[in-house]
Amino acid sequence: MSATSPVRPVLPPDIRARKGGEPLVVLTAYSTPVARLVDAHCDVVLVGDSLGMVIHGLPSTLGVTMEMMILHGRAVVRGAQRAMPVIDMPFGSYEESPAQAFRNASRLMAETGAPAVKLEGGVHMAETIAFLTARGVPVMAHVGLTPQAVNTLGGYKVVGRDDEAAKVMADAKATEAAGAFSIVLEKVPAGLAGRITAELAIPTIGIGAGVDCDGQVLVVDDMLGLFTDFRPKFVKRYAELGRAADEAIAAYAAEVRSRTFPAAEHSFADTVPVKK
Ligand code: KIV
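Presented here is an overview of the structure given in this document.

The rules behind these values
Residues numbered from 1 in each chain as written. Predicted model: local features only at pLDDT ≥ 70, side-chain atom pairs only at ≥ 80, totals over all residues. Heavy atoms only, no water. Axes fitted to C-alpha atoms, helices over the stretch in contact; angles between N-to-C directions. Helix = DSSP H or I, 4+ residues; strand = E, 2+ residues; numbered from the N terminus. Left-handed = near helix turned anticlockwise from the far one by under 90°. Contact = heavy atoms within 4.5 Å. Nonpolar A, V, L, I, M, F, W, Y, C, P; charged D, E, K, R; others polar. Buried < 20%, exposed > 50% of the residue type's maximum accessible area, 1.4 Å probe, protein only. Phe/Tyr/Trp six-rings, centres within 6.5 Å; stacked < 30°, edge-to-face > 60°. Lys NZ or Arg CZ within 6 Å of the ring centre and 35° of its normal.

### A closer look at the packing of helix α4 (residues 66-79) against helix α5 (residues 98-112)
Then, in step 1: Here α4 crosses α5 at 35 degrees, and the two axes come no closer than 8 Å. As for how α4 packs across α5, the hand of that crossing is right-handed. Residues Met 66, Glu 67, Met 69, Ile 70, Gly 73, Arg 74 and Val 77 of α4 lie in contact with α5, whose contacting residues are Asn 104, Arg 107, Leu 108, Glu 111 and Thr 112.
Then, in step 2: Of the residues assigned to the contact of α4 with α5, the class counts are five nonpolar, three polar and four charged.

### Looking at the side chain of Thr 61
Then, in step 1: With respect to the element layout, Thr 61 can be found in the loop between α3 (51-54) and α4.
Then, in step 2: Take Thr 61: its relative accessible area is 4%, and that puts it in the buried class.
Then, in step 3: Excluding anything up to four places from it in sequence, Thr 61 contacts Asp 49, Ser 50, Met 53, Pro 147 and Gln 148.

### So, the packing of aromatic side chains
Then, in step 1: Tallied over the entire structure, the rule returns one aromatic pair.
Then, in step 2: The interplanar angle of 65 degrees and the centroid separation of 5.9 Å between the aromatic rings of Tyr 252 and Phe 261 together place this pair among those described as edge-to-face.
Then, in step 3: By relative accessible area, which is 32% here, Phe 261 ends up partly exposed.
Then, in step 4: Between the NZ or CZ atom of Arg 135 and the centre of the ring of Phe 131, over which it lies, the distance is 3.5 Å.

In structure tokens:
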């Protein structure tokens, strides 16, 4: 984004227009330095409410607040010059009514600069998605496993097997009809995700939803091996930064204890002799 242009280079209509084209590359980020890394390679940078677990050590996404999303959203928007930031609406900030959703979505956009929000839910959120999109809030939908509903779903399970498949299809179609510009399919069987992708005119972005989606998203700390509390089957580790960091911190601790750090090159010379 140029300092003189108020318009971001990639906006929701550009993402929607990618349907059926080169796969969309999406990663989460929660800080400026990671957003810069993601920006160099991705189309969308998602400020996911996964930050509750990944950054704040919460047991689920349910404790994430608007203030947390705004703080991390601002940091990410500062680091993402080209990739389009999308910010998650936290649990409790949009389910009550379309008016509540608009109040909080517009606040997220105004206070972070993100040009779009993501919210979880299908048929039951369609009215809210239509309300938001009609009022200038582009919405990325999220169906299948919706982590904010972990307690009603009964765990982080695959959603859409057997007779659940028709419901997931109906959810996806309802969000498209309501005006969502793209949709995340989480932990949906690959064949069903492929059928949804074929039937929808908006891009599908899969996480644990097979290779036929229009794009893929992962939690960046998962794929870098930094967040290791649990490892869903759909996470591929592209690096082991957690292990590398552990080794580096162990080496630092040993050098401090043995007084080999700091060495002369990390210290400042005195200008007058020091009496011992
Ligand atoms: O919160 C998040 O990071 C997400 C992605 C996993 C899709 O919603």
